[in-house]
Number of protein chains: 2
Amino acid sequence: MAARDRRPTIADVAKLAGVSPSAVSFALNGRPGLAKETKSRILAAAAELGWRPSRPAQALSHGKAGAFGLVLTRETDAIGADPFFPAFIAGVESVLSPRGDSLVLHVTGPDDEAAAYTRLAADRRVDGVLLTDMRIDDPRPALTSELRLPAVVVGDPECAQGLCAVGLDDRPAFTSAVERLVELGHRHIAHVAGPQEFRHSRRRQESWELAVRAAGLTPGPVLPGGFTADGGAAATRELLAADARDRPTAIVYANDLSATAGLAVAHQLGLAVPEDVSVVGYDDTPLAAYTHPPLASARADALGWGAAAARALDAVIKDGRADDVELAPAELLPRASMGPAPAGGPGRKSERTTIRPTVRREPC
Amino acid sequence: MAARDRRPTIADVAKLAGVSPSAVSFALNGRPGLAKETKSRILAAAAELGWRPSRPAQALSHGKAGAFGLVLTRETDAIGADPFFPAFIAGVESVLSPRGDSLVLHVTGPDDEAAAYTRLAADRRVDGVLLTDMRIDDPRPALTSELRLPAVVVGDPECAQGLCAVGLDDRPAFTSAVERLVELGHRHIAHVAGPQEFRHSRRRQESWELAVRAAGLTPGPVLPGGFTADGGAAATRELLAADARDRPTAIVYANDLSATAGLAVAHQLGLAVPEDVSVVGYDDTPLAAYTHPPLASARADALGWGAAAARALDAVIKDGRADDVELAPAELLPRASMGPAPAGGPGRKSERTTIRPTVRREPC
DNA sequence: TATGTTGTTTAAACCGCTTTAACGACCGCG
DNA sequence: CGCGGTCGTTAAAGCGGTTTAAACAACATA
């Protein structure tokens, strides 16, 4: 009767079932050596009291927190409208949740990032962390190793510095976007890049550049778009302000947010998409299919990515290491924002006369 | 030097400082009764070893998890492009992080929702939860009370069922949107609503309706937009397919996502915004300022909301209750998507008679 | 009868921290 | 000189589990 006002503990269950606490623990964890009858009596008692073991207590005795950590390092204003994280997190959950584990989320400014990981490690609040948004010369792989905090890199293996990496190749999407544009007659293809510190921004830019060169063209200008609407708009204004002869006839954006803003700017400037300029994004935002015109983009399976990353982190925690995983690459979704290059007018004469574009696929 | 290979514990610090573990605990927690000199010696030892108390151990001994829970109940496809949560979470973090507490995030399907809260409570993994996306007759306030899990409702006090509510009024934004539209000469104002199960969807719809009636007008049709791009697009197609005489000259959407999709549909149908139809959203998505034309919307301070909710939950945990909080209401940001009603009767312009809109009715 | 054996069950130690109560040293005071 | 009062410190008992090793029946073996 006493147990009405506090949550039941293992002792309450033991008392009700008429056994010792250890027996309860054995029953719960499916340990052998308990009589069948006893075990079911214990489980019945546990169910009757609605008892579930306290995670802090389990964490303490096992030395396992039963949680993964995810630190999002974002300027407060860059938060929002990123469709990646919610889906990615849902994917992580799909692995964690069935076994009752959880995800501990921290949002920090860039200055507190290292402290956030250090704390997570020292606190023993998580068993490992997922590293996303990898940057060039990212300090985090070294940091987590030093902290002896199991970690998995969500991204390109090249920047994993020895950690297990779970990658999803975004390059084919950019390559085929450019190839498609070239097929459509574009000869002047610009790029609006993401923040330069991000590994994936660079990769996207490189894929664009490689594909443009592979077509025998000179890469058009690259402007920073910062993955933001503001940045994309500003970059687009600059690109399209050029004299019609120098103006790119297609712009490949590093993400949908900047691309969508770019669409609006094109309209503002009185240019039609895709008649005057073609536009491609990346992410396949829910809105992409509903911009005007619908935005060509590429979809990455963020949900699957999250799940794969969580499984990899499991393996790292258990075995100390895990094989890299490479997911199916993002695929281009050509939509109406890509169209034939404007006839006659824009484009560079030298290129048009000399170049015989051989479209070939770059092996990854 | 034995402590090289495992994380230091309070005992290691105690040994290094030449005191007992209790003394270390006292020093760490700023308890009185320790000599100044001893205290600083202990803190120095702790710093030298890089020791921080284990959260599971702390949680166990003082019966507090040091974490808040947030359960997002979402259909997997409705995840993404919601700018609210990232900012809200960042706000929660701003309260939690300085004291080293964390946010435990769970994403579940609708069927597992109750189980998720039950588990969170039984597990003692969190000290309380934040309830967001309140629904009509939401079972969660009753559930959390029954589980004796401290909770705060993020939303309208009316649906809090006795729990502390932290609200941010979205109604003024809708009211003034309608008022503005009326001033601009609109007489036929439609609404694209959010999912009917959400309290805030209903509230927005009610505000719209009240404001329309207050202006002496008959509320135009209400169509379900489901807060999604798809839903917003479908609703818009239906609204604008009507004969020009019956067609609304302004549409108030429950959120930006559906409104932005609506913009695109209007363009597709050959209607100009705002010349033929005015459009208003809600959320002030980063993209809102960059749609074509820029989307009138309203900004709610999600960051502040998160912080306020976290503080309220603190109070509930400490005192068992807390006063409701009402934040500054969202403010309308009139942008170019709102304009004067088309002249010459309820929406008119010659070339529109030639338009053959593709109407597709979709069940929502 | 002593000796294993096997199958169940439990006592007790432990995980790392907090906290209460007790302890010894030192103080001034009557 | 003995007493109560501070002050600084620590021993020890939790918190709620897990786990190891030992206890205990019951029963077969030598």
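In the block above lies the structure referred to throughout.
Just so we're clear, the structure is a prediction, and the values are computed from it rather than from any experiment.

**Student:** How do you make sense of the overall build of chain A when you look at a structure like this?
**Tutor:** Along the backbone of chain A there are 13 helices and twelve strands. For chain A, the C-alpha radius of gyration of 27 Å lies well beyond 21 Å, the compact-globule estimate for 364 residues. Principal axes of the C-alpha set define a box for chain A whose edges measure 90 × 40 × 35 Å. Counting across all 364 residues of chain A, residues that qualify as buried make up 55%.

**Student:** Would you take a moment to explain unusual backbone geometry for this structure?
**Tutor:** Backbone geometry follows two general trends: most residues other than glycine have a negative phi, and most peptide bonds adopt the trans configuration. A cis geometry characterises the amide bond from valine 273 of chain A onward to proline 274 of chain A, with omega recorded as 5 degrees. A positive phi angle, near 50 degrees, is found at aspartate 133 of chain B, a position not held by glycine. With respect to the helices and strands, the residue aspartate 133 of chain B is situated in the loop between β3 (128-131) and α7 (140-147). Residue aspartate 133 of chain B is classed as buried on the basis of its relative accessible area, which comes to 17%.

**Student:** Help me understand the relation of the copies chain A and chain B in this model?
**Tutor:** One copy of the chain maps onto the other through a rotation about an axis followed by a shift along the same axis. Each copy superposes on the other: chain A lies on chain B with an RMSD of 0.1 Å after a rotation of 180 degrees and an axial shift of 0.0 Å. Such a combination of rotation and displacement between the chain copies is what one expects of a two-fold axis. Here 100% of the contact residues of chain A are again contact residues in chain B; the copies associate through an equivalent surface.

**Student:** Would you explain the nonpolar core in this entry?
**Tutor:** Of all hydrophobic cores here, the largest spans 104 residues; its most connected members are Leu130 and Ile189 of chain A together with Leu130 and Ile189 of chain B. Val126 and Leu131 of chain A together with Val71 and Ala165 of chain B belong to the second-largest nonpolar core, a separate cluster that totals 40 residues.

**Student:** Just to check I follow, could you spell out the sheet that holds strand β8 (residues 250-253) of chain B for this structure?
**Tutor:** What holds strands together in a sheet is hydrogen bonding between their backbones, with the strands either parallel or antiparallel. Residue and element names in this part refer to chain B. Across the sheet, which stays open at both edges, the four strands sit in the order β7-β6-β8-β9 with parallel pairing between neighbours. The open sheet has two free edges, formed respectively by β7 (222-224) and β9 (278-280), since each of these has just one partner strand. Direction aside, the axes of adjacent strands within the sheet are offset by 20 degrees on average. As paired strands, strand β6 (residues 189-193) and β7 are joined by three bridges and run parallel to one another. Counterpart to alanine 193 in the pairing with β7 is proline 224. Across the face of the sheet, helix α9 (residues 199-214) comes into contact with β6, β7 and β8 while running at roughly 170 degrees to β6.

**Student:** Honestly, the protein's contact with DNA strand C in this entry has me stumped. Any pointers?
**Tutor:** Taken together, 25 residues lie near DNA strand C, and Ile10, Ser25, Arg31, Trp51 and Gln58 of chain B sit nearest. Those elements that provide at least two residues to the surface near DNA strand C are α2 (21-28) and α4 (55-62) of chain A together with α2 (21-28) and α4 (55-62) of chain B. The class makeup of the residues in the surface near DNA strand C is eleven nonpolar, twelve polar and two charged.

**Student:** Looking at this model, I keep getting lost on the state of the cysteines. Mind explaining?
**Tutor:** The term disulfide refers to a covalent linkage connecting the sulfur atoms of a pair of cysteines. All names here are of chain A. Within the structure shown, the criterion is met by zero disulfides over all chains. Cysteine 159 carries a free sulfur, and the closest cysteine sulfur to it, the one in cysteine 164, is 12 Å from it. For cysteine 159, a relative accessible area of 7% translates into the label buried.

Definitions and cut-offs
- Residues numbered from 1 in each chain as written.
- Chains lettered and ligands numbered in written order.
- Predicted model: local features only at pLDDT ≥ 70, side-chain atom pairs only at ≥ 80, totals over all residues.
- Heavy atoms only, no water.
- Helix = DSSP H or I, 4+ residues; strand = E, 2+ residues; numbered from the N terminus.
- Rg over C-alpha atoms; globule rule 2.2 N^0.38 Å.
- Buried < 20%, exposed > 50% of the residue type's maximum accessible area, 1.4 Å probe, protein only.
- Least-squares fit on C-alpha atoms with pLDDT ≥ 70 in both.
- Contact = heavy atoms within 4.5 Å.
- Core = buried A, V, L, I, M, F, W, Y, C linked by side-chain atoms within 4.5 Å.
- Pairing = 2+ DSSP bridges.
- Axes fitted to C-alpha atoms, helices over the stretch in contact; angles between N-to-C directions.
- Near = heavy atom within 4 Å.
- Nonpolar A, V, L, I, M, F, W, Y, C, P; charged D, E, K, R; others polar.
- Disulfide = S-S within 2.5 Å.

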